[in-house]
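Here's the letter readout for the chains.
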Amino acid sequence: NEYKSYLRMDVRLLPIMAMFVALFCCCSNVLILEKMVSKSKDCTVLVTLAGFLFIVVKGLLFNKNYLHDNKIPVKNYIFIALLFFSTNLSNNVALSYDVDMPTVLIFRSGSLVANMIVSIIAFRRSYPISKYVSVGLVTAGVLVSTAATAKLKTQNHPADSLTTWITGICLLAYGLFGSATMGVFQEKLFGKFGKHPGEALFYNHLLGLLGFLFSIPNIYRTIVDFNGSDVILGFLPAMWGWLLLNVVVQYMCVRSIYFLLSEWTSLAVTLVTTLRKFLSLLLSILLFNNEFTITHWISTAFVFLGSAVFSELVKLPYEEELEQCLEGKKCEEENVLPVCKK
């Protein structure tokens, strides 16, 4: 009985352990990628390719039925795979265009907002007022942070560097809304054929590999660069070691988050992912001396507050009363707000 009780206690601890693994691996993934870019500016294409190859090889080894017993016709994956490839590549390649990691993290925090905007356009969905408030907060935060960084670039760097940075920002913006668009198309696909996330993940990566054919010269140059890096462990070039470690921690990060989704509520998992983004941001600033002014901190607060409102970690005051007013319903006399009276 004592042994069974000990086992039950261990099982209860698994989500807590998964949370710490997620925080450690997700933050490590961000920092390792930033470290690699600092050593080899054009390595982001090869890093993206390594992540794609890992998922494809894993699928071929452990889920061979995806190839001959797929539930969704392969032709239906082509457009989604194109979006998946281009958005992943854009998000990583932006780092090669003088965009620092804090800016990347702030932009990616707007993913929920981008999904909402695309859903409104594609499905004509309506949302509670809190969602629209969150859109305003996150949008303001991203715009203010981008403007502050642009000001620093103008003051401290030549014009051609600013042009390069703007290109990187455009890549991030495409990655943000491209990913949201992909989510809409995938939602429609699952609605038609049923939900098969494992199969979709495999084919998105498998078909996405074709896109790397256009980047062979870049990949070749990066391989040569990696081979010429310092040797560690007596035989392994350091950059290949960083790449291997990056792929492993990225996989562990994703697996831990998926495990938490199966054990905890989406609200709790959202709290973990928000904490992960904040820790990654803080560590990036401290370890890589990224320029981050008080304006950046204020804009970051707007982004995280907007994300918290969107995920319902933070409740808006009088939200229910405001919803009633906007819907044309009569407010109770004791709860009438100035906005209702108007």
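This report concerns the structure included in the present document. Remember, predicted model here, so these are calculated numbers, not experimental data.

Some remarks on the overall build of the protein chain
Part 1 of the reasoning: Across its full length, the protein chain holds 15 helices and two strands.
Part 2 of the reasoning: Within the span of the protein chain, comprising 342 residues, buried residues form 44% of the whole.
Part 3 of the reasoning: Residue pairs at least 24 apart in sequence account for 79% of intrachain contacts in the protein chain once pairs closer than 6 positions are excluded.
Part 4 of the reasoning: On the protein chain, roughly 19100 Å² of surface is accessible, and the fraction owed to carbon and sulfur atoms is 65%.

Quick notes on unusual backbone geometry
Part 1 of the reasoning: In this model, Asp98 sits at a positive phi of 65 degrees, which is unusual for a non-glycine residue.
Part 2 of the reasoning: With respect to the helices, strands and loops of the structure, Asp98 is situated in the loop between α4 (78-93) and α5 (101-108).
Part 3 of the reasoning: Positive phi values are uncommon outside glycine, yet Asn289 reaches one of about 55 degrees.
Part 4 of the reasoning: Mapped onto the secondary structure, Asn289 falls in the loop between α12 (266-288) and α13 (294-310).

So, the state of the cysteines
Part 1 of the reasoning: For the structure shown, the criterion picks out one disulfide.
Part 2 of the reasoning: Note that Cys26 is cross-linked by a disulfide to Cys253, the S-S spacing being 1.9 Å. Because the torsion about its S-S bond is 90 degrees, the bridge between Cys26 and Cys253 counts as right-handed. With Cys26 in helix α1 (residues 2-39) and Cys253 in helix α11 (residues 238-263), this pair connects stretches of sequence that are 227 residues apart.
Part 3 of the reasoning: Among the cysteines around Cys27, which has no disulfide bond, Cys26 carries the closest sulfur, lying 7.0 Å off.

Re the pattern of salt bridges
Part 1 of the reasoning: Per the counting criterion, the structure on display carries two salt bridges.
Part 2 of the reasoning: Of the charged contacts, one joins Lys41 and Asp98 as a salt bridge, the two residues approaching to 3.2 Å between their closest N and O atoms. With Lys41 in the loop between α1 and α2 (44-62) and Asp98 in the loop between α4 and α5, this pair connects stretches of sequence that are 57 residues apart.
Part 3 of the reasoning: Exposure remark for Lys41: the relative accessible area of 41% places this residue in the partly exposed category.

Criteria and thresholds
- Residues numbered from 1 in each chain as written.
- Predicted model: local features only at pLDDT ≥ 70, side-chain atom pairs only at ≥ 80, totals over all residues.
- Heavy atoms only, no water.
- Helix = DSSP H or I, 4+ residues; strand = E, 2+ residues; numbered from the N terminus.
- Buried < 20%, exposed > 50% of the residue type's maximum accessible area, 1.4 Å probe, protein only.
- Contact = heavy atoms within 4.5 Å.
- Areas by Shrake-Rupley, 256 points an atom, 1.4 Å probe, with all protein chains shown as cover.
- Disulfide = S-S within 2.5 Å.
- Salt bridge = Lys/Arg side-chain N within 4 Å of Asp/Glu carboxyl O.

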